[in-house]
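As a plain string of letters, each chain reads:
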Amino acid sequence: MSQLLIKGGSPLAGETAVQGAKNSVLPILAATLLTGGQVALQNCPRLRDVDASIRILRALGCDARWEGDSLLVDTAGLNGCAISDILMREMRSSAIFLGAILARCGQAELSYPGGCELGPRPIDLHLAGLRELGAEIDDTGGTLHCRAARLVGRDLVLGLPSVGATENLMLAACGTEGVTTIANAAREPEIADLQDFLNACGARVSGAGTSTVTVEGGRRLHGGTFTVMPDRIAAATYLCAAASAGGEVLLRGARERDLATVTAVLREAGCHITAEAGGIACACPGRLKAVRPVRTAPYPGFPTDAQAVLMAALLRSRGATVFEENIFTNRYRHVDELTRMGADIRVAGRVAVVTGVKTLCGAAVRCTDLRGGAALCVAALAAEGESRVFETCHIDRGYEDIARDLRGLGADIRWTEEDRLTI
Ligand code: UD1
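Sequence order as written defines residue numbering, which begins from 1 separately in each chain. Where totals are concerned, whole chains, interfaces and linings use all residues; where local detail is concerned, this predicted model gives features only for residues with pLDDT of at least 70, and gives and counts side-chain atom pairs only at 80 or more. With hydrogens and water set aside, each side-chain value is computed from the structure's full complement of heavy atoms.

J.: Can you walk me through empty space enclosed by the protein in this structure?
T.: By rolling a water-sized probe across the atoms, one finds the places where empty space is left. Residues are called lining when one of their atoms sits within 4 Å of a cavity or pocket point, these points coming from a 1 Å grid over the protein atoms alone, where a cavity is a set in which a 1.4 Å probe fits but cannot get out and a pocket is an open set with protein on both sides within 12 Å along at least five of seven lines. Grid points are joined across faces, edges and corners, and a volume is the space filled by probe spheres set on the points. According to the stated counting rule, one finds 1 cavity of 30 Å³ or more in the structure shown. As a volume, the largest cavity reaches approximately 30 Å³. Taken together, Ala243, Ser244, Gly286, Arg287, Leu288, Ala313, Arg316 and Ser317 form the lining of the largest cavity. Residues are grouped as follows: Ala, Val, Leu, Ile, Met, Phe, Trp, Tyr, Cys and Pro are nonpolar; Asp, Glu, Lys and Arg are charged; every other residue, Gly included, is polar. Class assignment of the residues belonging to the lining of the largest cavity gives a composition of 3 nonpolar, 3 polar and 2 charged.

Shown next, in the form of structure tokens:
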């Protein structure tokens, strides 16, 4: 497995283009099943999770191939409605295929997605909503046997604004008779991107981005061409990289409106951030100030996916910052690794207190999860000397090539082996 070698301690200067959004393209790939036709996804990021989705599509009889940065998917040949346990476990968001398969085939068989490094990740809200739409689901023995002779539109209310449940139910609702409303829906920008994709293929979905999504079911969808939105978490990562090391960077294609809570915190810490026509520019001083408590919350709150990289950026700040993680129960696993670089972080339950230190030192560290791995890179850029980052397969799940992008920003970072993941 490849390692990352990072020589830190120098400010950044440069620019990079922001990749397409992982959390947008994964549900869209599941949604291609509804079209039964050819879809061209432009700005599609080449990620390990996208590769896992491609394997699921192919296992179901569909075709998927790359043409430059476009992924061409043809779901006309769909000939199965079951996803194997091995494929289900490769990626947490494989559950989103359930709503799409059920809508297209009237039945689906898949196992629960694998356990998660961030803590328990139940799909009870997904299943409850699908049952309300008329699906019969037998989930004994870890396999979900789902049948729906007929799905019927209903008024659904989610117990909490789950991103995945909102998306799964949007996909299933496309295959219902009548209208479905999803109240207390998640409001993440990626849900609006999914709505835009579905509508581009002939669906009638409205309200995504607000807490009520409405889907008029029963419309025949067709293929089309769609451009995936920029990845706000990758953008947040690279802003935090500049905040960590200091310097000036430009993120081409990044949209500040998707990132407002992150840029607000970085401004409070002393960074100068401007939305440019082509992206976001960021100038950061050598040492940041501590900020008011950062509490993760569903969108438009501070994203849990940016908690680790922001924490890494604040390790050398003046003063102490309190973090409160409210989405996942096990999302501080990067803390022990950051401590190896000299960070001062105390964790108690969902709270972590980061007290800024004057210097960080390069160390050998291990990625514990996707964003935790990115946080190690962010911290290493500010650390004196050399860091080695191991178990980078986690990073490959969500970043096309983090070393390429950070080098574009002027960082001294490289992969140490030639056997980089190729898709
Ligand atoms: C998505 C994102 C992930 C992000 C997360 C929260 C994708 C592919 N992944 O994950 O990067 O960290 O949103 O912003 O888009 N929950 C239940 N029951 C359910 C579903 C969820 O209790 O049926 C709970 C979860 O345990 C968690 C919270 O709801 O505590 C939020 O989860 P959810 O919004 O569903 O996250 P994901 O869609 O899995």
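J.: For this particular structure, what's the right way to read helix α5 (residues 124-132)?
T.: An α-helical turn contains 3.6 residues, so any two residues separated by three or four positions project in the same direction. Accessibility here uses a 1.4 Å probe with only protein chains present; expressed as a share of the type maximum, an area under 20% marks a residue as buried, one over 50% as exposed, and anything in between as partly exposed. Working definition: helices are DSSP H or I runs of at least four residues, strands are E runs of at least two. Numbering for both runs from the N terminus. Along α5, the residues that are buried comprise Leu125, His126, Leu127, Gly129 and Leu130. The criterion used for residue contact is that any of the two residues' heavy atoms lie within 4.5 Å. Contacts made by the buried residues of α5 are with α4 (97-105), β8 (136-138), β9 (143-147), β10 (155-157) and α6 (163-173). Directly beyond the C-terminal end of α5, a positive phi value near 115 degrees is found at Gly134.

J.: Got a minute to help me understand the site of the ligand in this structure?
T.: Near the ligand there are 18 residues, and of these Asp124, Ser162, Gly164, Asp305 and Ile327 occur at the shortest range. Between Pro122 and the ligand, the recorded distance is 3.3 Å, taken from a backbone N or O atom to an oxygen atom. A distance of 2.6 Å separates an oxygen atom of the ligand from a polar side-chain atom of Asp305. If over half the atoms of a molecule are within 2 Å of the grid points of a cavity or pocket, the molecule is regarded as sitting in it. Mapping the ligand onto the cavity grids shows that it belongs to the largest pocket. At the level of elements, α5 and α6 are the ones that each hand at least two residues to the shell around the ligand. For the shell around the ligand, the element with the highest residue contribution is α5, accounting for 3 residues. When grouped by side-chain class, the residues that make up the shell around the ligand number 8 nonpolar, 6 polar and 4 charged. In these notes, residues near a molecule or strand are those with any non-hydrogen atom within 4 Å of it. Identification of polar contacts relies on pairs of N or O atoms within 3.5 Å, with a donor-acceptor requirement for protein atoms, meaning one able to donate a hydrogen and the other able to accept it, and with residues adjacent in sequence counted only if both atoms are side-chain atoms.

J.: How should the packing of aromatic side chains be read in this particular structure?
T.: For any pair of aromatic rings, the description rests on two quantities: the centre-to-centre distance and the angle between the ring planes. For Phe, Tyr and Trp, rings pair up if their centres lie within 6.5 Å, where Trp contributes its six-membered ring, and each pair is then called stacked (planes under 30 degrees apart), edge-to-face (over 60) or tilted (otherwise). Scanning the model with the defined rule gives 2 aromatic pairs in all. Note on Phe197 and Phe226: the rings are 5.6 Å apart at their centroids and 80 degrees apart in plane angle, and the pair reads as edge-to-face. In this pair, Phe197 sits in helix α7 (residues 189-200) while Phe226 sits in strand β14 (residues 224-227), placing the two residues 29 residues apart along the sequence. Judged by relative accessible area, Phe197 falls into the buried class, the value being 1%. Their ring planes at 55 degrees and their centres at 6.3 Å tell us that Tyr238 and Tyr399 sit as a pair that is tilted. Placement of Tyr238 in helix α8 (residues 232-245) and of Tyr399 in the loop between α13 (393-396) and α14 (402-408) is noted, with a sequence separation of 161 residues between them. Its end group placed over the ring of Trp66, Arg46 keeps NZ or CZ at 4.2 Å from the ring centre. Consider the ring centre and the ring normal. A charge sits over the ring if Lys NZ or Arg CZ is within 6 Å of that centre and within 35 degrees of that normal.

J.: Before we go on, may I ask you to explain the packing of α8 against helix α9 (residues 260-268) in this structure?
T.: For any two helices packed against each other, one specifies the inter-axial angle together with the distance between the axes. At a minimum axis distance of 11 Å, the contact between α8 and α9 shows a crossing angle of 5 degrees. As far as their axial angle goes, α9 and α8 are roughly parallel. Contacts between α8 and α9 involve Ala236, Leu239, Cys240 and Ala243 on the former and, on the latter, Val262, Thr263 and Leu266. Residue composition of the contact of α8 with α9, grouped by class: 6 nonpolar, 1 polar and no charged. Here an angle of 0 to 180 degrees is reported between the N-to-C directions of two axes, which are lines fitted to C-alpha atoms, with helices fitted over the stretch in contact. When describing relative orientation, an angle under 35 degrees is termed roughly parallel and one over 145 degrees roughly antiparallel, while 65 to 115 degrees is termed roughly perpendicular and anything else oblique.

J.: Which parts of the structure should I look at to understand the side chain of Ser162?
T.: Tracing the sequence through the fold places Ser162 in the loop between β10 and α6. Once residues within four sequence positions are removed from consideration, Ser162 is found in contact with Leu125, His126 and Ala186.

J.: Sorry, what's going on with the pattern of salt bridges here?
T.: Two side chains with opposite charge may pair up if their charged atoms get near one another. The term salt bridge refers to a pairing of a side-chain nitrogen on Lys or Arg with a carboxyl oxygen on Asp or Glu at a separation within 4 Å. Enumeration over the complete set of coordinates arrives at 19 salt bridges. Between Asp51 and Arg55 there is a salt bridge whose closest N-O contact spans 2.8 Å. Taken together, the residues Asp51 and Arg55, both in helix α2 (residues 48-59) and 4 residues apart, mark about one turn of the helix. Of the residues examined, Arg55 reaches a relative accessible area of 32% and is grouped as partly exposed. Salt-bridge contacts for Arg366 lead to Glu391; the nearest nitrogen and oxygen are separated by 3.6 Å. Of this pair, Arg366 sits in strand β23 (residues 364-366) while Glu391 sits in the loop between β24 (383-390) and α13, and the two are 25 residues apart along the sequence. For Arg366, a relative accessible area of 34% puts it in the partly exposed group. Salt bridges linked by common partners bring Asp51, Arg55 and Glu90 together as one network.

The analysis is restricted to geometry; functional conclusions fall outside its scope.
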